Amino acid sequence: LLRGRQSVGDLRARASRMAPAGSLDSLDQLRTELSGLLQKRLIQADGSLDRRGIEVDHHLYEPQEGRKLSPRSDDDEPGPPSSSPVETANQSAANAIPRPTSLPPSNHPDLAGRVHQLEAALTAIHTENQELRGELAACRQQVERLESDLQQLREALGA
């Protein structure tokens with residue numbers, strides 16, 4: 001569940017690698033387990049666990065994160081499943097960014113100043129990120145040189 005929002009079928013496939021053999025043989029068994037977690041409010045679902053395509057997510061978010069699953073109506077069809085865990089992780093990361101529910105009025109006096117401050121902060125973060133990437137590349141090169149030197153020492157010592 002810590003991968004973020006996922007369908008019950010995806011969850012079963014992932015959990016079957018961690019659960020003892022035979023404990024999650026059917027979706028019914030998994031739905032029973034999830035129902036207990038749902039009653040304890042440890043997970044959240046966007047509909048009844050008996051329906052196909054329902055997605056679940058853990059419910060351990062802090063209130064300020066505002067991460068709640070929107071309930072599905074009876075005529076909602078599930079979207080296409082994620083093609084990879086990376087895509088799921090990227091979607092979860094994108095969903096983790098708090099979204100404003102409404103934009104401030106355009107005549108807000110501090111809006112232009114706030115936007116300018118945010119753009120400046122973003123530029124500073126981007127610059128720092130590029131510097132850190134350069135430092136990381138230099139560290140990787142140094143580690144490669146050290147590994148090479150260590151291998152040469154081992155060969156020289158006959159180890």
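Every value quoted in this text rests on a predicted model; they were computed, and no experiment measured them.

**Comments concerning the overall build of the protein chain**
- Looking only at helices and strands, one finds 4 helices and 3 strands in the protein chain.
- Mapped from its N terminus to its C terminus, the protein chain presents α and β elements in the order β-α-α-β-β-α-α.
- The 159 residues of the protein chain split such that 16% are buried.
- Once local pairs closer than 6 in sequence are excluded, the contacts in the protein chain between residues at least 24 apart make up 38%.
- Accessible area of the protein chain: about 12,400 Å², with a carbon and sulfur share of 54%.

**Comments concerning the side chain of D46**
- Looking at the secondary structure, you find D46 in the loop between β2 (43-45) and β3 (55-58).
- Classification of D46 by relative accessible area gives buried; the value is 1%.
- Among the polar contacts listed, one links the side chain of D46 to the side chain of R5, at a separation of 3.1 Å.
- For D46, the side chain forms a polar contact with the main-chain nitrogen of E55, separated by 2.9 Å.

**Some points on the pairing of β3**
- Pairing between strand β1 (residues 6-7) and β3: 2 bridges, direction antiparallel. Residue pairing in the sheet places Q6 in a bridge with V56 of β3.
- Pairing of β2 with β3 involves 3 bridges; the strand directions are antiparallel. Within β3, the residue paired with Q44 across the bridge is D57.

**Notes on the confidence of the model for the protein chain**
- Of all residues in the protein chain, 67% have pLDDT values of 70 or greater, and the mean over the chain is 75.
- The weakest mean pLDDT in the protein chain belongs to helix α3 (residues 85-96) at 48; the strongest belongs to helix α4 (residues 111-157) at 92.
- Across residues 77-90, confidence stays below pLDDT 50; counting only partners more than four residues off in sequence or on other chains, it has 13 contacts.
- Of the regions scoring below 50 in pLDDT, residues 92-104 engages in 8 contacts with residues more than four places distant in sequence or in other chains.

**Re the pattern of salt bridges**
- All chains considered together, the criterion is met by 2 salt bridges.
- Put simply, R5 and D46 hold a salt bridge, and the shortest N to O gap is 3.1 Å. Of this pair, R5 sits in the segment before β1 while D46 sits in the loop between β2 and β3, placing them 41 residues apart in sequence.
- For E55, the salt bridge goes to R5, with nearest N and O atoms at 2.3 Å. Of this pair, E55 sits in strand β3 while R5 is found in the segment before β1, placing the two residues 50 residues apart along the sequence.
- What makes R5 partly exposed here is its relative accessible area of 31%.
- A cluster of three or more residues bridged by salt bridges with shared partners is formed by R5, D46 and E55.

**A few points about the nonpolar core**
- Ranked by size, the top nonpolar core spans 9 residues in total: V8, L11, L30, L34, I43, A45, L49, I54 and V56.
- When contributions to this core are tallied by element, the ones reaching two or more residues are α1 (8-15), α2 (27-39) and β2.
- In this view, V8 contacts L27, L30, R31, L34, L49, I54 and V56; residues no more than four positions away in its chain are not counted.

**Some thoughts on the sheet that holds β2**
- If you walk across this open sheet you meet the 3 strands as β1-β3-β2, and the pairing is antiparallel. At either end of the open sheet lies a strand with only one pairing partner, and these are β1 and β2.

Conventions used here
Residues numbered from 1 in each chain as written. Predicted model: local features only at pLDDT ≥ 70, side-chain atom pairs only at ≥ 80, totals over all residues. Heavy atoms only, no water. Helix = DSSP H or I, 4+ residues; strand = E, 2+ residues; numbered from the N terminus. Buried < 20%, exposed > 50% of the residue type's maximum accessible area, 1.4 Å probe, protein only. Contact = heavy atoms within 4.5 Å. Areas by Shrake-Rupley, 256 points an atom, 1.4 Å probe, with all protein chains shown as cover. Polar contact = N/O pair within 3.5 Å; in protein donor to acceptor, adjacent residues only side chain to side chain. Pairing = 2+ DSSP bridges. pLDDT = per-residue confidence, 0-100. Salt bridge = Lys/Arg side-chain N within 4 Å of Asp/Glu carboxyl O. Core = buried A, V, L, I, M, F, W, Y, C linked by side-chain atoms within 4.5 Å.

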